[in-house]
Amino acid sequence: MKIAVCIKRVADSETRVKIGPDGKSLDEAGVKFVLNPYDEFAVEEALRRKEAAGAGEIAVIALGPAAAQETIRTALAMGADRGVLLQADRVPADGLETAKALAAELKAGGWDLILFGKMAIDDYNHQVGPMVAELLGLPCVTSIGHLELAGRKGVAEREVEGGLEVVEFPLPVVLTADKGLNEPRYPALKGIMAAKKKPLEVKAATFGPGGVEVLAMLPPPARQEGRIVGEGAAAVPELIRLLREEAKVL
Amino acid sequence: MSNVLAVLEQRDGTLRKVSHEVVTGARRLADGLGGTVEALVLGAGAVRGTDALGSFGADTVVTATNPAFARYAPEGFTQAVAERAKASGFGAVVFAASATGKDLAPRVAATLGVALAADATDVAVEGGKVVVTRPIYAGKALLKVKLTTQPAVVSLRPNVFTPVERPKAGAAQAVSVDAPAGRVTVKEIKAAEAGALDVAEAPIVISGGRGLKEPANFKLLEELARAFGGKAAVGASRAVVDAGWRPHADQVGQTGKTVSPSLYIAVGISGAIQHLAGMRTSKTIVAINKDKDAPIFKVADYGIVGDLFEIVPKLAEEIRKLHG
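So, here is what we can say about the structure in this document.

Quick notes on the rules
Position numbers for residues count from 1 along each chain, tracking the sequence in the order it is written. Chains carry letters from A onward and ligands carry numbers from 1 onward, assigned in written order. Reporting of local features is limited, given that this is a predicted model, to residues whose pLDDT is at least 70; pairs of side-chain atoms are given and counted only at 80 or more, and all residues count toward the totals for whole chains, interfaces and linings. For side-chain calculations, the full set of non-hydrogen atoms in the structure is used, while hydrogens and water are omitted. The angle between two axes is taken between their N-to-C directions and runs from 0 to 180 degrees, where each axis is a line fitted to C-alpha atoms and a helix contributes only its stretch in contact. Helix and strand definitions follow DSSP, with helices as H or I runs of at least four residues and strands as E runs of at least two, each counted in order from the N terminus. Should an angle fall under 35 degrees it is taken as roughly parallel, and over 145 as roughly antiparallel, whereas 65 to 115 is taken as roughly perpendicular and any remaining angle as oblique. Note on convention: the crossing is left-handed when the near helix lies turned anticlockwise from the far helix by less than a right angle, right-handed when the turn is clockwise. Contact between two residues is taken to exist if any of their heavy atoms lie within 4.5 Å; hydrogens are not considered. Each residue gets one of three labels, nonpolar for Ala, Val, Leu, Ile, Met, Phe, Trp, Tyr, Cys and Pro, charged for Asp, Glu, Lys and Arg, and polar for the others, Gly among them. The cut-offs for exposure are 20% and 50% of the maximum accessible area for each residue type, with area from a 1.4 Å probe on protein chains only; residues under the lower value are buried, those over the upper are exposed, and the others partly exposed. A pair of strands is labelled paired if DSSP reports no fewer than 2 bridges between them. Every helix has an expected span of 1.5 Å times one less than the residues it contains. Two cysteine sulfurs form a disulfide in these notes if their separation is within 2.5 Å. The rule for a salt bridge is simple: a side-chain nitrogen of Lys or Arg has to be within 4 Å of a carboxyl oxygen of Asp or Glu. Summed over both partners, the accessible surface that disappears when two parts come together, traced with a 1.4 Å probe, is what is meant by buried area. Nitrogen and oxygen atoms within 3.5 Å of one another constitute a polar contact, given that in protein one can donate a hydrogen and the other can accept it, and given that sequence-neighbouring residues count only through two side-chain atoms.

**A look at the packing of helix H2 (residues 74-87) of chain B against helix H3 (residues 99-112) of chain B**
Axis angle and axis distance: for two packed helices, these are the angle between their axes and the distance between the axes, and together they describe the pair. All names here are of chain B. Packing of H2 against H3 leaves a shortest axis separation of 9 Å and a crossing angle of 50 degrees. What the angle tells us is that H2 and H3 run oblique. By crossing handedness, the relation of H2 to H3 is classed as right-handed. Facing Pro74, Phe77, Thr78, Val81, Ala82, Ala85 and Lys86 of H2, the residues of H3 in contact are Asp103, Leu104, Arg107, Val108, Thr111 and Leu112. Class assignment of the residues belonging to the contact of H2 with H3 gives a composition of eight nonpolar, two polar and three charged.

Here it is, written out as structure tokens:
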């Protein structure tokens, strides 16, 4: 089983977002960066599939700044075999440019599975996985919460509004992982030590101009200061009145 | 001048409500671009609800039929939408950022070789180009971007583009389209509990957190949801999802769903930053919490301090009276 997992270094979900001096990007001062949480599910799934197959190779591929080597080391510490960093100062705003760079790297790999997280929790683009699949001409199932593989075929479940889609597909395939697919392991000390010696190749990423021009990064619209209606169940009738007459939502 | 293609969704032969929002967003872009809106729906046969699309701003409605289109067929849909988009030279293609749209829009954009702005909460036309505002960092910031490739491909966050009815009928046509058999096939849709609404699409969301003390107590929120007569869904904080009390599908927050209902009721949720990120664009927020200093009260429009086990049943009772 030959598996590629595409991962991303992102600002931690507890980050308080401050806009940088260019007015178009995050002020990274003091921000903690982590392996994108959805990518953890992808890495974990790769490890389980390799363990179940009893043999294979897992490569993790990241596109990002030099510091993304640490993110790759996290995945290697979980148990992946080798890493590739497509180094770029900035991840393109246009997801298709990221997808093209990843697809070029993945193209000749002979992968059985190419895994992604369903989206990155920073740019919320949720598009790179299925775009890579289209560029490589591979079948793709996104946002999977359950996966079964048997030989060269698989069945996945993905959440849709009010239900679950049961989807069949052949291998090789591109899959993007949702929360619930598995419970990612924490890297053990032994894994962390081993990760330091695992191969990590760094290449320069190249991009086209892309089709997304960032005009501005803005704070979310401020919410008007709310008010405490009252205490306990006695406040409920007044709340109902406000919801009907002031907010007009009932 | 260029026209806009609105890609709609159906399930079991009935148009999904989010489609009205897609036509509404597409109309806004078409007005800015000085063009018309073509609504495209893919199905196995005629789709119920398409006759009303003119009143939401569609100039023409095309139903593209193929026996394989009863359910979502990723490869067939991609080809059908991309070919339609190419053949008629649209200036923009608009999807819903729904489960299907999140899957389909990137495939279509990649096939066309153009950029996709996903999960838009605002769209406009400036200097002849499509400009999209979209939440990033789960809504802790907004990114305003200009799409410079054509067609501009955009997906719209559900519940944000309020449909505006206008007194105008659209011309309808039905075409049958060829589609590849597709390697990926949706075998079935396991329906959730009858009538269960998805938190991302429900007009009212009632979410619970640790304050509910144990999983069984979520029945209080389910009763409150029922009191709203099928318009409300029950959500959950990350803490209770991670504890296994509620399924991930219900999680609201940065690693769950971002929701924008007209009414969001947070019950026993303190309001961690990653939760606030997922619900701060709700139109009206109500918080019920025993701790008057809980951060949730900072974003809530209305708060009640006190014991949720007394407040929630009383609230359900009062709502039932209204809907009585």
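So much for the structure itself; the text now carries on.
**Looking at the pairing of strand S8 (residues 153-160) of chain A**
The two faces of the sheet receive side chains in turn, since in a regular strand these alternate between them. Residue and element names in this part refer to chain A. Taking burial as the measure, the eight residues of S8 include six buried ones, the bulk of the element. As paired elements, strand S7 (residues 140-150) and S8 share six bridges and run antiparallel to each other. When the sheet's bridge partners are listed, glutamate 148 is paired in S8 with valine 155. Bridge count for S8 against strand S9 (residues 163-170) is eight bridges, and the pairing is antiparallel. Residue pairing in the sheet places alanine 156 in a bridge with valine 167 of S9.

**Topic: H2 of chain B**
Over its 14 residues, H2 of chain B extends 20 Å from the first C-alpha to the last, a length consistent with the 20 Å expected when each residue adds 1.5 Å. Residues of H2 of chain B that are buried: Pro74, Glu75, Gly76, Phe77, Thr78, Ala80, Val81, Ala82 and Ala85 of chain B. At its buried positions, H2 of chain B is contacted by helix H4 (128-136) of chain A together with strand S1 (4-7), strand S4 (37-43), strand S6 (92-96) and H3 of chain B. Among the residues trailing H2 of chain B, glycine 89 of chain B stands out with phi positive, at a value near 55 degrees.

**Regarding the sheet that holds strand S9 (residues 129-136) of chain B**
Strand order in the open sheet formed by four strands is S12(A)-S10(B)-S9(B)-S8(B), and the pairing between neighbours is antiparallel. Lying at the two open borders of the sheet, with one neighbouring strand each, are strand S12 (212-218) of chain A together with strand S8 (122-126) of chain B. Taking each pair of neighbouring strands and ignoring which way they run, the sheet shows an average axis angle of 25 degrees. Across five bridges, the pairing between S8 of chain B and S9 of chain B is antiparallel. Counted as the bridge partner of valine 123 of chain B is valine 132 of chain B from S9 of chain B.

**Topic: the pairing of strand S10 (residues 173-177) of chain A**
Residues and elements named next belong to chain A. With five of its five residues buried, S10 lies for the most part within the structure. Side chains Val173, Leu175 and Ala177 of S10 all project onto a buried face; the interleaved residues Val174 and Thr176 project onto the opposite face, where all are buried too. One ladder, built from three bridges, connects S7 with S10; its direction is parallel. Residue pairing for S10: isoleucine 144 is matched across the bridge by alanine 177.

**Structural notes on the state of the cysteines**
All names here are of chain A. Summed over the entire model, instances satisfying the criterion amount to zero disulfides over all chains. Free of any disulfide, cysteine 6 has its nearest cysteine sulfur in cysteine 140, 12 Å distant. Here cysteine 6 falls in the buried class, since its relative accessible area comes to 4%.

**Points about the pattern of salt bridges**
Evaluated as defined, the whole model comprises 47 salt bridges over all chains. Across the salt bridge formed by aspartate 27 of chain A and lysine 18 of chain A, the nearest N and O atoms sit 3.5 Å from each other. Classification of lysine 18 of chain A as exposed rests on a relative accessible area of 54%. The salt bridge involving glutamate 318 of chain B is made with lysine 314 of chain B; its shortest N-O contact spans 3.2 Å. With glutamate 318 of chain B and lysine 314 of chain B both in helix H8 (residues 308-323) and four residues apart, this pair spans about one turn of that helix. For glutamate 318 of chain B, a relative accessible area of 13% translates into the label buried.

**Description of the sheet that holds S10 of chain A**
Across the sheet, which stays open at both edges, the 10 strands sit in the order S11(A)-S5(A)-S4(A)-S1(A)-S6(A)-S10(A)-S7(A)-S8(A)-S9(A)-S13(B) with mixed pairing between neighbours. Each edge of the sheet is formed by a strand with only one pairing partner; in this case those strands are strand S11 (200-204) of chain A together with strand S13 (185-191) of chain B. Each neighbouring strand pair of the sheet contributes to a mean axis angle of 30 degrees, computed without reference to strand direction. Examined bridge by bridge, strand S6 (residues 113-117) of chain A and S10 of chain A share five bridges and lie parallel to one another. Looking at S10 of chain A, one finds that leucine 113 of chain A is bridged to valine 173 of chain A. Packed on one face of the sheet, H3 of chain B meets S7 and S8 of chain A and runs near 120 degrees to S8 of chain A.

**As for the interface of chain B and chain A**
Listed by partner, the interface residues are 90 residues for chain B and 78 residues for chain A. Interface area, chain B with chain A, both sides summed: about 7300 Å², of which 58% is carbon and sulfur. Sorting the residues of chain B by area buried against chain A places Tyr137, Arg183 and Tyr302 of chain B first, and these three jointly supply 10% of that buried surface. Our count for the contact surface shared by chain B and chain A stands at 11 salt bridges. Counting across the interface, chain B meets chain A through 41 residue pairs in polar contact (both at pLDDT 80 or more). Among the elements that line the side of chain B that touches chain A, the one with the most residues is H3 of chain B, at eight residues. The residue makeup of the side of chain B that touches chain A, split by class, is 42 nonpolar, 22 polar and 26 charged. In this sheet, strand S10 (residues 141-147) of chain B lies alongside S12 of chain A in antiparallel orientation, the contact comprising six bridges.

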